[in-house]
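Observations on the model geometry
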Amino acid sequence: MTGDPRTREEFQTSRRRFLGATAAGALAGVGGVGSAAAQSPEIIRLGGEIAGWQGRAPESIAGETNPTLSLEAGTTYRVVWENIDGMGHNFALLDSEGSVLERTAVMSEESETQALEFTASEEVTEYVCEPHSGTMRGAISFGDGSGIETETTTETSDTEESPVPQGPTVGLDTVADGFQVPTDFASAPGDGRRFVVDLPGQVYTVASGGGRGEPFLDIADRLAERTGERGLLGIAFHPAFDENRRFFLRYSAPLAEDAPDGFSHTELLSEFRATEDASGVVDGSERPLLAVDEPTKYHNGGALAFGPEGYLYASYGDGGGSRDTGLGHAADWYEENTGGNGQDVGENLLGSILRIDVDREGEEKPYGIPEDNPLVGEAGLDEQFAWGFRNPWRMGFSDGELYVADVGQSRFEEVDRVVKGGNYGWNVKEGTHCYSTANPSEIPAECPDSTPQAVRDGEPLRDPVIEYPHSRDGEPIGLSVIGGYVHEGSVDALDGTYVFGDYSQDGSPQGSLFAATPAEEGLWQFEKLTIAGAEDGELGGYLIDIGRDDAGELYALTSAGDLGGAVHRLVSGELDQATATGTTQTRTETSAMTDPGTTETAATKTDGATGTEGTTARATATGTVEATTMGRATAEPTAAGPKTTTAAATETRGTETTTTSGGEPTSVSATGTGANETSDAEGPGFGVLAALAGLAGVAARRLVGR
């Protein structure tokens, strides 16, 4: 089973019928959009990238970002666009209410082109890329048919209000660099060292005098192919590490042999043991604890944290796929939306925060279940602690409270203060706002605030403590929230604030750091931190994670851009520029430019594990948890999902996929990317974006074009 009672063929047929009905309903009364016209279409050419639509032709819009398109009613136009950055984009026409009138499929192959032909009507007011509607959005005007007007927006002046209030200034003291995509940071209790996890599969120490130390562990040969958001994702040291030398990793392994057909990979939660002197890892010490099969290569979560009671918490995303739907997604209680793993607690463990006891074993599992977990003795999987999440990429405890940053779909980002048994709303809601799987670009006027009484006694859908849109008044804020901690370190200006951030403001390597003031009720107010010594006070790289050491000091983990793959301690902004920015102005070529599949072998030391075996609890898509014997993950990576074509009034011209009015676009690109690989789950808003989809290559392309 995949969680959907329909067969794959039935699902695709249903999807075609649904989209066809949606298009027909939207086009009724549009007055020309979708009507064939006996004339040669006028050609408009655009480039699609996360930072915005780039005008190419006619000459009047060449080089403009999100140009205003001046159309003439009744004229047939053909918009042809090229995918510039290899992220998941589509082209959609909206009316004044934000409803979709026409759309193409999402396309994620770099240099591939796509076209939409339509007859203009004054009902059309905007064009967008639905996955990135905060940044890829342009206006449509109707005039005398004289051509295409360029964008009329002006630069923001110093007197105009920023989309986020400016807060304190902080400095960045770079303590280590040379990483590719540093995904996690941890201190080992009783050890004093700091450890950095790198996406390609290495765990490094931070040298005592600063700088990247030798690899503490290298599991690159155990990972699935590093595409999408797959890789080495999280680390947590046992609270008694100084006595038992145990630590835990989350990583993306090749798809297990008994996983459902068409799935992408298997997420492993494994225990490792360091040597007695903690200088390395005991050969063959890996003990897999939990294997969760993932339907796509996106929305894996991956955060690990020990709670104050000593239990291990692990985050899992909804499994990817557009809008928490599709292959491997369960049906749920909310009939208005297609079902999703976020609102299911019995079919699988996806879309949830799990809590397990790693200090004891169950009858059939290599870990115990805390007796007070909310679903023990109730309907549902006992590992569940909280649910209703889309992609809880980073999380952590502060003052005994669990804060989870849940990456939104296409409009809103959120941070949740998580309680046992809490339901955080996805995919009924995105943040505090209603959400529709049928039309993601339109916010429904109403939706439930709780489950039905028959579903866990009508539990409330809990609101986040922090929420923000991707843009405000046309100014970008961010695309994928990165969770952090309540500050307890040495930066006085941050005392008592919850410090968090965002991966990128507009898809370029320019993230943000924020500080929120906790409130007793309602949404917390937050400010944007200014980076001392940096150009325009901006964070000059993608923000991947915020770490914390035993002293309460906070660290920003970055990749690409001017900062490169590095770890920076947050310090007082009163330091001089040279100290505050450390080595950040010298970008490490390795972190941004090296092929993700290539590592430095000279300094690489593995744990030597071969043929490691252990008992692993497997959670399949049907929710069955069973004991299996797992060897070290060495199988060849498998294809990430079926490649299905759903052609309806669609044609392909070379590498250009064309959608004519009233027809549903193909789900397969000219290069063969399937619907389960290419959806509006990709790109900003899907998770950790390009950083987890082969960032090195993406970063190189971006930097060359700057």
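First, a word on what this report is: a plain description of the structure on this page. Please read these numbers as outputs of a predicted model, since none were measured by experiment. (Residues numbered from 1 in each chain as written. Predicted model: local features only at pLDDT ≥ 70, side-chain atom pairs only at ≥ 80, totals over all residues. Heavy atoms only, no water.)

Observations regarding the overall build of the protein
When helices and strands are tallied, the protein shows five helices and 41 strands. Once local pairs closer than 6 in sequence are excluded, the contacts in the protein between residues at least 24 apart make up 65%. Total accessible area on the protein stands at roughly 25000 Å², and carbon and sulfur atoms take up 44% of it. (Helix = DSSP H or I, 4+ residues; strand = E, 2+ residues; numbered from the N terminus. Contact = heavy atoms within 4.5 Å. Areas by Shrake-Rupley, 256 points an atom, 1.4 Å probe, with all protein chains shown as cover.)

Focus on the sheet that holds strand β11 (residues 182-187)
Backbone-to-backbone hydrogen bonds pair the strands of a sheet. The strands run either parallel or antiparallel. Taking strand neighbours across the sheet as the criterion, the four strands line up as β11-β12-β13-β14 in an open arrangement whose pairing is antiparallel. At either end of the open sheet lies a strand with only one pairing partner, and these are β11 and β14 (212-218). Taken pair by pair, the neighbouring strands of this sheet meet at an average axis angle of 30 degrees, ignoring direction. In this sheet, strand β13 (residues 202-206) lies alongside strand β12 (residues 194-198) in antiparallel orientation, the contact comprising four bridges. Considered in β13, the bridge of D198 is made with Q202. (Pairing = 2+ DSSP bridges. Axes fitted to C-alpha atoms, helices over the stretch in contact; angles between N-to-C directions.)

So, the pattern of salt bridges
A side chain with one charge may pair with a side chain of the opposite charge, provided their charged atoms come close. Evaluation of the coordinates by the stated rule reveals 22 salt bridges. The residue D184 makes a salt bridge to R394 at a minimum N-O spacing of 3.9 Å. Of the two residues, D184 sits in strand β11 while R394 sits in strand β23 (residues 392-398), which places them 210 residues apart along the sequence. Residues D184 and R394 agree in their burial class; the two are buried. For E309, the salt bridge is made with R355, and the minimal N-O distance between the two is 3.2 Å. (Salt bridge = Lys/Arg side-chain N within 4 Å of Asp/Glu carboxyl O. Buried < 20%, exposed > 50% of the residue type's maximum accessible area, 1.4 Å probe, protein only.)

A short note on the nonpolar core
Formed by 43 residues in total, the largest nonpolar core has its most connected members in I466, Y498 and F500. Once residues within four sequence positions are removed from consideration, I466 is found in contact with E413, E414, V415, Y498, F500, A516, L523, W524 and F526. In this structure, F247, Y251, L268 and A291 belong to the second largest nonpolar core, which totals 23 residues. (Core = buried A, V, L, I, M, F, W, Y, C linked by side-chain atoms within 4.5 Å.)

Observations regarding the sheet that holds strand β19 (residues 304-306)
Taken in spatial order, the four strands make up an open sheet running β19-β20-β21-β22, and their pairing is antiparallel. Each edge of the open sheet is held by one strand with a lone partner, namely β19 and β22 (384-387). Ignoring which end each strand starts from, the neighbouring axes of this sheet average 20 degrees apart. The sheet contact formed by β19 and strand β20 (residues 312-316) spans three bridges and is antiparallel. Counted as the bridge partner of L304 is A314 from β20.

Looking at the packing of aromatic side chains
Within this structure, the stated rule accounts for 28 aromatic pairs. A ring pair is formed by F247 and F272, whose centres lie 5.6 Å apart and whose planes are at 20 degrees; its orientation type is stacked. Highlighted residues: F247 in strand β16 (residues 246-253) and F272 in strand β17 (residues 265-273), separated in sequence by 25 residues. Taken as a pair, F247 and F272 share a single burial class, namely buried. Feature note: the residues Y403, Y468, Y498, F500, F514, W524 and F526 constitute an aromatic cluster, connected by ring pairs. Over the aromatic face of F241 sits the side chain of R245, whose NZ or CZ is 5.3 Å from the ring centroid. Here R250 stacks its cationic end above the ring of Y316, 4.0 Å away from the centre of that ring. (Phe/Tyr/Trp six-rings, centres within 6.5 Å; stacked < 30°, edge-to-face > 60°. Lys NZ or Arg CZ within 6 Å of the ring centre and 35° of its normal.)

Details of the side chain of R250
Take R250: it is sitting in strand β16. For R250, the side chain forms a polar contact with the main-chain oxygen of N300, separated by 2.8 Å. (Polar contact = N/O pair within 3.5 Å; in protein donor to acceptor, adjacent residues only side chain to side chain.)

A closer look at the pairing of strand β33 (residues 512-517)
Most of β33 sits out of view: five of its six residues are buried. Looking at chain direction, strand β32 (residues 498-502) and β33 are connected through five bridges and run antiparallel. By the bridge assignment, D502 is partnered in β33 with S512. By the bridge criterion, four bridges tie β33 to strand β34 (residues 525-531) in an arrangement that is antiparallel. The residue bridging T517 from the neighbouring strand is Q525, located in β34.

Section: the state of the cysteines
Taken as a whole, this structure holds one disulfide when the rule is applied. Across the disulfide from C434 sits C447; the S-S distance is 2.2 Å. On the S-S bond that ties C434 to C447, the torsion sits near -80 degrees, and the link is left-handed. Here C434, found in strand β27 (residues 433-434), pairs with C447, found in the loop between β27 and β28 (466-469); they are 13 residues apart in sequence, far enough to count as distant. (Disulfide = S-S within 2.5 Å.)

Concerning the side chain of T451
The residue T451 is located in the loop between β27 and β28 in this model. Within the local environment of T451, its side chain forms a polar contact with the backbone oxygen of V455, the two atoms lying 2.7 Å apart. Setting aside chain neighbours within four positions, we find T451 in contact with W333, Q343, N423, R456, G458, E459 and L461.

By themselves, these are just geometric observations and shouldn't be taken as functional.
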